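# Understanding the architecture of this molecule
Chain by chain, the residues:
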Amino acid sequence: MQFDQSKRRELITLLGSASAARWPLAVRAVGYCAGNRLREARTGATSMQTVMNWLCWPFLLAILGTYTAVAQEKGTLHPRPLPAIQDPEDPSTPAKEFFARKRTPAALEPAAIGFYSKGCLAGAAPLPIDGPQWQVMRISRNRYWGHPDLIASLETIARKASDIGWPGLLVGDIAQPRGGPMLTGHSSHQMGLDADIWFRAMPRRALTPLEREEMMSTVVVAADRRNINPKIWTRQHADLLKVTAEEPRVERIFVNAAIKKALCEKTKGDRAWLAKMRPWWEHDYHFHVRITCPSGSLECTPQEPPLSEDGCGRELEDWLSAAAQPSAPVSPPKAPLTVDDLPPLCRTVLNAQ
């Protein structure tokens, strides 16, 4: 009996996608969904094959290991330089130590290399700190670099968002100058094809450097974690997500399940764009934009398409139901990726000028 390949790929991708996910919640979701399938099997509503597929999820999660990430951490106006790596020749040195110390992009042709959660970036372009319809946040992290296709998409989204009345984008993490694993936060964002956009609208003035490091975004999900907060969520939030989803290069947008629920309930007429809205833990103060592999990036591993037409059925209800369940025990973390774990071209990216 084989585990459904589309489910396997979707789960691996999700584990590498979230910029604010928590491991106990991921285990909780899988465990709760598997329990639902077992109950349905007893009543004949679900085949045992489907149940066995679901029961493989916790095992796969255990293999994949722990995922941790920062939420709304403040930055600093005076970031301290990282100390030199003690033994750079040691093959067990985590790759994130090398990539975090590269302050400039690799002078190579633009290319996204590997997978979203296991790769690197050549020829990165910066998103300008200040744009006509956006401002970059947490500048001290130096994570405003991306593949030129992503940078172009973000600028297009910002312009179209302005056309529907959104005051402007506050852009969080994109990628490091050469992509790769990060010291803190994301498991994905490694190829310069992922970007976080805050649900807080840009003020109609230039933010000060200190505000960019310490200002927090706006949580739009209610305390019950099943609904949006009607005092904060507006139609403009939904319109912003729709405009983003309609950008042709955007493949997925990760949002909190409560946000997906609100979109499913309120969207009339064309619902095709909802397929790109993928529920994931946290993502209540920002949404995570992911674009497809760029043309010419032959070493970029594409992602399987979404699992359902609009994702507004059982899949979403499983996410919402799991949000109310107790957390599962935390499994030991996996060993961090080394340079040898990444595609061979990532060593070239690291060594380039």
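Quick look at the structure, then. What you see is a predicted model; the values in this text were computed from it and never measured.

A separate point is the nonpolar core. Judged by nonpolar contacts, the single largest core of 47 residues is most densely connected at Leu169, Trp233, Leu241, Ile259, Leu263, Met277 and Phe287. The element contributing the most residues to this core is helix 5 (residues 148–163), with 6 residues. In this structure Trp233 touches Phe199, Val220, Ile228, Ala238, Leu241, Ile259 and Leu263, once residues within four positions along its chain are discounted. By size, the runner-up hydrophobic cluster in this structure holds 14 residues, among which are Ala111, Cys120, Ala122 and Cys346.

What follows is about the environment of Ser217. Following the sequence through the fold, Ser217 ends up in the loop between helix 6 (209–214) and helix 7 (235–245). Residues Ser217 and Gly172, spaced 45 residues apart in sequence, show a C-alpha to C-alpha distance of 9.9 Å. Excluding anything up to four places from it in sequence, Ser217 contacts Gln72, Trp198, Phe199, Arg200 and Tyr285. At a separation of 3.5 Å, a polar atom in the side chain of Ser217 contacts the main-chain amide nitrogen of Arg200. A polar contact is formed between the side chain of Ser217 and the backbone oxygen of Tyr285, at a distance of 2.8 Å.

This paragraph deals with the side chain of His147. Residue placement: His147 occurs in the loop between strand 6 (145–146) and helix 5. The exposure class assigned to His147 is buried, which follows from its relative accessible area of 4%. Polar contacts involving the side chain of His147 include one to the main-chain amide nitrogen of Asp149, which spans 3.0 Å. With sequence-adjacent residues up to four places away left out, His147 is seen in contact with Pro110, Ala111, Ala112, Leu121, Met191, Gly192, Leu193, Pro294 and Ser297.

Calculation notes
- Residues numbered from 1 in each chain as written.
- Predicted model: local features only at pLDDT ≥ 70, side-chain atom pairs only at ≥ 80, totals over all residues.
- Heavy atoms only, no water.
- Core = buried A, V, L, I, M, F, W, Y, C linked by side-chain atoms within 4.5 Å.
- Buried < 20%, exposed > 50% of the residue type's maximum accessible area, 1.4 Å probe, protein only.
- Helix = DSSP H or I, 4+ residues; strand = E, 2+ residues; numbered from the N terminus.
- Contact = heavy atoms within 4.5 Å.
- Polar contact = N/O pair within 3.5 Å; in protein donor to acceptor, adjacent residues only side chain to side chain.

The values reported here are purely geometric and, on their own, carry no functional implication.
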